[in-house]
Amino acid sequence: MPLPSPIHRAAAHATRMAAGALALLLAACAAPQPSPLVLTNTLGMQFVLIPAGSFWMGSDERPDALVRDYPGLERARFTALADEAPRHRVRITRAFWLGRHEVTVGQFRRFVEQSGHVAEADADGTGGYGFNPVYDPATSARGDAFEGRSPRYSWRNPGFAQGDDHPVVNVTWNDAQALAAWLSAREGVRYRLPTEAEWEYACRAGTETRHPHGDDPAGLLGAGNTFDADSAAHWPHWRAHALAGRDGFAFTAPVGRFAPNAFGLYDMLGNAWEWTADWYGETAYAQSPAQDPTGPAQGQVRVRRGGSWHTWALYARCAFRNWNTPQTRYPLVGLRLVREALPADAAAAPPGSAR
Ligand SMILES: [Ca+2]
Ligand SMILES: [Ca+2]
């Protein structure tokens, strides 16, 4: 489902640059509306300027409503979503640049080559997880859908073919920190993971429905790369949970193959789960500050958001929260970065519908 190429209008823009080496391109897309401001960094990552604004974070949906629309799942799966409540008003007080796409394999490779960073799965020698068509989940104590850990798997090899334009996976939260720190030092601008609140604000892009396209799970089929009939062919015991149809991708898809949301962001739902900055707190929303929440001060696991190419529709909602230890590497989990906005950037932010 390729999109028509956006028409870019280059605009002059001044920014701090490292050693004058950064050729920063600021462009505005002619469509869709409102036109997002886009910049490209030294690794070729594009960032969209997300305006400050307020939104309703989380979900108060009752299990009965979800059971109706996401059939065939045990009731415990719906009661387990209580950490999405209470739905609460959050204000993001500062504009920020957010990765237009998930970080790609090619971008992560350039980071590794240029920085000398050794990915955690390589450094600790235990490797990652991967798809193996002859692997039987019944042989795993945890019933893992993928084989691992094994040194044969890493961000370079999740067991299925990936081009340089696919989202990098099998990367840990700690790898994400290393990438952000290296980019920050190189460019003189702070890079980091989005907070949970920034991520959900960006996913919703002014919408209050389960998915940016609406409440209907079937609509995901045209909106992102999730667990469809082609994926289910490789995990037939989960076929009942697959969307009834094909989204074109049994594994990861090249980033940007589906329509962007109203902020101009691609693949917020599906393709790869995305690490966020925050520790996970099951009851965090009950005490969450109304402005720029950053999650619990401490914890054991970090939040990831958005679902993946292997994710059922119930879990590919903007409000859904999941988590892993910072050392976790898996063929479903990747990232996208925030680049903090300078005051001049924020002043250029278009008035967003979610303001
Ligand atoms: Ca798919
Ligand atoms: Ca994603």
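Quick caveat: nothing in here was measured; it's all calculated off a predicted structure.

## Quick notes on the overall build of the chain
Part 1 of the reasoning: Each helix and strand counted, the chain has eight helices and 15 strands in total.
Part 2 of the reasoning: Split into buried and exposed, the 355 residues of the chain put 45% on the buried side.
Part 3 of the reasoning: Taking as baseline every contact in the chain between residues at least 6 positions apart, the subset at least 24 positions apart corresponds to 72%.

## What about the nonpolar core?
Part 1 of the reasoning: Counting 74 residues, the largest nonpolar core has Val48, Trp97, Leu98 and Ala202 as the members making the most contacts within it.
Part 2 of the reasoning: Counting five residues, the second largest nonpolar core, distinct from the first, contains Phe249, Ala250, Phe251 and Trp309.

## Brief notes about the environment of Arg321
Part 1 of the reasoning: Structurally, Arg321 can be placed in the loop between β12 (302–305) and β13 (322–324).
Part 2 of the reasoning: Remark: the alpha-carbon pair of Arg321 and Gly281, spanning 40 residues in sequence, is separated by 10.0 Å.

## Focus: helix α3 (residues 105–115)
Part 1 of the reasoning: Considered for burial, the residues of α3 that qualify are Val105, Gln107, Phe108, Phe111 and Val112. In an axial view of α3, the angular spread of the buried residues amounts to 165 degrees, which keeps them on one side of the axis. In α3, the exposed residues that point more than 90 degrees away from the buried face are Glu113 and Gln114.
Part 2 of the reasoning: The secondary structure elements touched by the buried residues of α3 are α5 (173–187).
Part 3 of the reasoning: Two residues or fewer past α3, Gly116 is found with a positive phi of approximately 80 degrees.

## Digging into the pairing of β12
Two faces make up the sheet, and in a regular strand the side chains alternate between them.
Part 1 of the reasoning: The alternating pattern of β12 places Arg302 and Arg304 and Val303 and Arg305 on opposite faces, both of which are buried.
Part 2 of the reasoning: Judged from the three bridges that link them, strand β11 (residues 273–279) and β12 form a sheet pairing that is antiparallel. In the sheet register, Trp279 faces β12, and the bridge partner there is Arg302.
Part 3 of the reasoning: In the sheet, β12 pairs with β13 via three bridges, with the strands oriented antiparallel. Paired with Arg304 across the two strands is Asn322, which belongs to β13.

## Digging into helix α6 (residues 196–204)
Part 1 of the reasoning: Counting buried positions along α6 gives nine out of nine residues, so the element sits mostly inside the fold.
Part 2 of the reasoning: Buried within α6 we find Glu196, Ala197, Glu198, Trp199, Glu200, Tyr201, Ala202, Cys203 and Arg204.
Part 3 of the reasoning: Just past α6, the residue Ala205 takes up positive phi, approximately 50 degrees.

## Focus: the sheet that holds β12
Part 1 of the reasoning: Taken together, four strands build an open sheet; the order of strands is β13-β12-β11-β14 and the sheet is mixed. The sheet is open, and its two borders are formed by β13 and β14 (333–334), each paired with just one other strand.
Part 2 of the reasoning: Seen against the sheet, α6 touches β11 and β12 and runs at an angle of roughly 140 degrees to β11.

## Describing the environment of Met57
Part 1 of the reasoning: By secondary structure assignment, the location of Met57 is in strand β5 (residues 53–57).
Part 2 of the reasoning: On the basis of neighbour count, Met57 is assigned to the buried category, with 22 C-beta atoms found within 10 Å.
Part 3 of the reasoning: Residues Met57 and Arg87, spaced 30 residues apart in sequence, show a C-alpha to C-alpha distance of 5.5 Å.
Part 4 of the reasoning: Setting aside residues up to four positions removed in sequence, Met57 forms contacts with Arg87, His88, Val90, Ala197 and Glu200.

## Details of the confidence of the model for the chain
Part 1 of the reasoning: Per-chain confidence: the chain averages 89 in pLDDT, with 88% of residues scoring 70 or above.
Part 2 of the reasoning: Here residues 1–33 is modelled with pLDDT under 50, and outside its nearest four sequence neighbours on either side it reaches 50 contacts, counting other chains as well.

What counts and how
- Residues numbered from 1 in each chain as written.
- Chains lettered and ligands numbered in written order.
- Predicted model: local features only at pLDDT ≥ 70, side-chain atom pairs only at ≥ 80, totals over all residues.
- Helix = DSSP H or I, 4+ residues; strand = E, 2+ residues; numbered from the N terminus.
- Buried ≥ 20, exposed ≤ 12 C-beta atoms within 10 Å, placed from the backbone.
- Contact = placed C-beta atoms within 7 Å.
- Core = buried A, V, L, I, M, F, W, Y, C linked by C-beta atoms within 7 Å.
- Arc of directions from axis to C-beta.
- Pairing = 2+ DSSP bridges.
- Axes fitted to C-alpha atoms, helices over the stretch in contact; angles between N-to-C directions.
- pLDDT = per-residue confidence, 0-100.

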